[in-house]
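# A structural walkthrough
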Amino acid sequence: MMNKTSTVFYCFIVTIVVTFVCLWGGGASASKHEDIGIYELNNGHFSLKCTNWGAAIISVFLPDKNGEFSDVVLGYDSVKTYKNDSTYFGSVVGRVANRIGGAQFTLNGTRYKLDANEHQNILHGGHRGFSDVVWKVVKHKKDGDSPRITFSYNSYDGEAGFPGDLEVMVTYALVGKYKLSVKMVAKPKNKATPVNLAQHTYWNLGGHDSGDILSEKIQILGSHITPTDDELIPTGEIASVKGTPYDLLKPSVIKNKIKDLPDGYDINYVLDGEEGKKMKLAAIVWDKKSKRSMKLTTDAPGVQFYTGNYVKDVKGKGGYVYEAHAGLCLETQGFPDAVNHPNFPSQIVNPGQTYKHRMLFAFSIDD
């Protein structure tokens, strides 16, 4: 039998252990001592590597017009470097991607104060969002007709200030000759919660070490944007792109448009087409030199176009140093700060409901 002092000490130790498990392992997360590894998918035509740290895509090798393969995503040589990354290279970001103004929102009469990590706001889920946790590998098929991998993560009630336990799954699959499918699913267990997951890969179709993406051509099928203030928080307005540098409805060379935007592109486009589950074309990117192109379709209402404006002196794969505009991101998503703008599509998911988000990256190589 323990005396009073021993009992207090025992309770103290148990409290520390439970707190550590909740904070590091994601509460009921299945990541219990999960090893951090690198996993490959290869269908014989192109290949992808990813890690269960942040469920991040760390490489995509594609042939060019001459059949030469290059890695077309920015990243690092070691998983260890991803753990200290501040650029979100290749990661899945959440529980709520993008920004929430003031790092707070009200839901069902309760005010939730979140983990502010960008001034007074929260970006990509806070200091320790889904990009900075270990995910469990649920299934992995390396090769064959349809190579795929599924990661899961259990986010606990109160993580970064968000309400309720949330089960999350992300699947990467190579479908068809040059197609990458990404499927995201999330289920709240006991409380209503906002959910907005995004895939944060930086693409450079010329090759990750080929320089900047300013000579690439892009088309975004969004006639409107959600304008932001000086801290990149949406004002709540939905504005036409007509007559602005944001008008990318027709294929445009990025450098010809970005010159009118001193800070580059970092904006949410409202995608054209009916809101709902149907997949719609979001964007197309072309690289003239390699003849690689990428067509992105999604069922999300928006896409964040970001031209890597804040990348500076980042030592990447093979020692190559990434600078501003070394890659571009096309993050399909719900609208930023939707929890504070009733006119934006809702991101609230209730227990018994399932959040679903799909995207398809279709690559092609012109002769």
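Residues numbered from 1 in each chain as written. Predicted model: local features only at pLDDT ≥ 70, side-chain atom pairs only at ≥ 80, totals over all residues. Heavy atoms only, no water.

## Notes on the sheet that holds strand β23 (residues 302–306)
Note on sheets: strands pair through backbone hydrogen bonds, and any given pair is parallel or antiparallel. The condition that has to hold: The pairing criterion for strands is at least two bridges between them, as found by DSSP. Helix and strand assignments come from DSSP, with helices taken as H or I runs of at least 4 residues and strands as E runs of at least 2, each series counted from the N terminus.
Read from one edge of the open sheet, five strands run β18-β17-β20-β23-β26, paired in antiparallel fashion. Two strands bound the open sheet, and with one partner strand each, they are β18 (239–240) and β26 (329–333).

## Observations concerning the pairing of strand β10 (residues 136–141)
Pairing of β10 with strand β11 (residues 148–155), which is carried by five bridges, proceeds in the antiparallel orientation. Note on β11: the bridge partner recorded for K141 is R148. Once β10 ends, the chain turns through six residues before running back antiparallel as β11, passing G144 with a positive phi of about 100°.

## Overview of a positive patch on the surface
Worth spelling out the cut-off: By definition, no residue in a patch forms a salt bridge, and every one has over 30% relative accessible area; like charges are joined within 9 Å, nonpolar side chains (Val, Leu, Ile, Met, Phe, Trp, Tyr) within 5 Å. Method for areas: the Shrake-Rupley scheme with a 1.4 Å probe, in which residue coverage is limited to the protein chains shown. Salt bridges are defined as contacts in which a side-chain nitrogen from Lys or Arg sits within 4 Å of a carboxyl oxygen from Asp or Glu. Charge assignment: positive for Lys and Arg, negative for Asp and Glu; neither His nor the chain ends contribute. Every charge is mapped onto a representative atom, which is NZ of Lys, CZ of Arg, CG of Asp or CD of Glu.
A surface patch of positive charge is lined by K65, K217, K255, K288, K289 and K291. Structurally, the position occupied by K291 is in the loop between β21 (280–286) and β22 (292–298).

## Let's talk about the pattern of salt bridges
The following threshold applies: Relative accessibility decides the category of a residue: with a 1.4 Å probe and only protein chains considered, values under 20% of the type maximum give buried, values over 50% give exposed, and everything between is partly exposed.
Under the definition given, this model contains seven salt bridges. A salt bridge links E118 to R99, with the shortest nitrogen-to-oxygen separation between them at 2.6 Å. Here E118 is found in the loop between β8 (110–113) and β9 (122–123), whereas its partner R99 is found in strand β6 (residues 99–100), with 19 residues between them in sequence. Of the two residues, E118 and R99, both sit in the buried class. Salt-bridge contacts for R358 lead to D299; the nearest nitrogen and oxygen are separated by 3.3 Å. Of this pair, R358 sits in strand β28 (residues 355–365) while D299 is found in the loop between β22 and β23, placing the two residues 59 residues apart along the sequence.

## Describing the nonpolar core
As a reminder, the rule being used: Buried Ala, Val, Leu, Ile, Met, Phe, Trp, Tyr and Cys residues form a nonpolar core when they are joined through side-chain atoms within 4.5 Å. Between two residues, a contact is recorded if the distance between any of their heavy atoms is within 4.5 Å.
Counting residues in each nonpolar core, the largest one holds 62 residues, and the members touching the most others are W135, Y172, L180, W203, Y269, F305 and L330. Other than its neighbours up to four places away in sequence, W203 contacts V60, V72, V73, L180, I213, M294, G327, L328, F361 and F363. Listed in part, the 16 residues of the second largest apolar core include L74, Y76, V134 and A326.

## A word on the environment of L180
By the secondary structure assignment, L180 is in strand β13 (residues 179–188). Along the chain, L180 and L296 lie 116 residues apart, while their C-alpha atoms are 9.7 Å from each other.

## Observations regarding the pairing of strand β16 (residues 217–220)
As defined by bridge partners, β16 adjoins strand β19 (residues 252–253) across two bridges and the pair is classed as antiparallel. Bridge assignment links I218 to a residue of β19, and that residue is S252. Bridging between β16 and β21 involves four bridges; their strand directions are antiparallel. Residue pairing for β21: Q219 is matched across the bridge by I284.

## Some points on the sheet that holds strand β12 (residues 166–174)
Read across the sheet, nine strands follow the order β10-β11-β12-β13-β28-β22-β21-β16-β19 without closing on themselves; strand pairing throughout is antiparallel. The two strands at the open ends of the sheet, each matched to only one other strand, are β10 and β19. As defined by bridge partners, β21 adjoins β22 across six bridges and the pair is classed as antiparallel. Across the sheet, residue A283 finds its bridge partner in β22, namely L296.

## Re the packing of aromatic side chains
What counts here: By convention, a stacked pair of Phe, Tyr or Trp rings (six-membered ring in the case of Trp) has centres within 6.5 Å and planes under 30 degrees apart, an edge-to-face pair has planes over 60 apart, and any other such pair is tilted. Here, a charge over a ring is recorded when the distance from Lys NZ or Arg CZ to the ring centre is within 6 Å and its angle to the ring normal is within 35 degrees.
Summed over the entire model, instances satisfying the criterion amount to 21 aromatic pairs. Relative to Y172, the ring of F151 lies with its centre 6.3 Å away and its plane at 75°, an arrangement referred to as edge-to-face. One end of the pair, F151, is in strand β11; the other, Y172, is in strand β12, with 21 residues separating them in the sequence. Comparing F151 with Y172, the two get one shared label, buried. By the ring-pair criterion, three or more aromatic residues cluster together here, those being Y76, Y82, F89, Y202, Y306, Y310, Y320 and Y322. Over the face of the ring belonging to W53 we find K83, whose NZ or CZ atom lies 5.3 Å from the ring centre.

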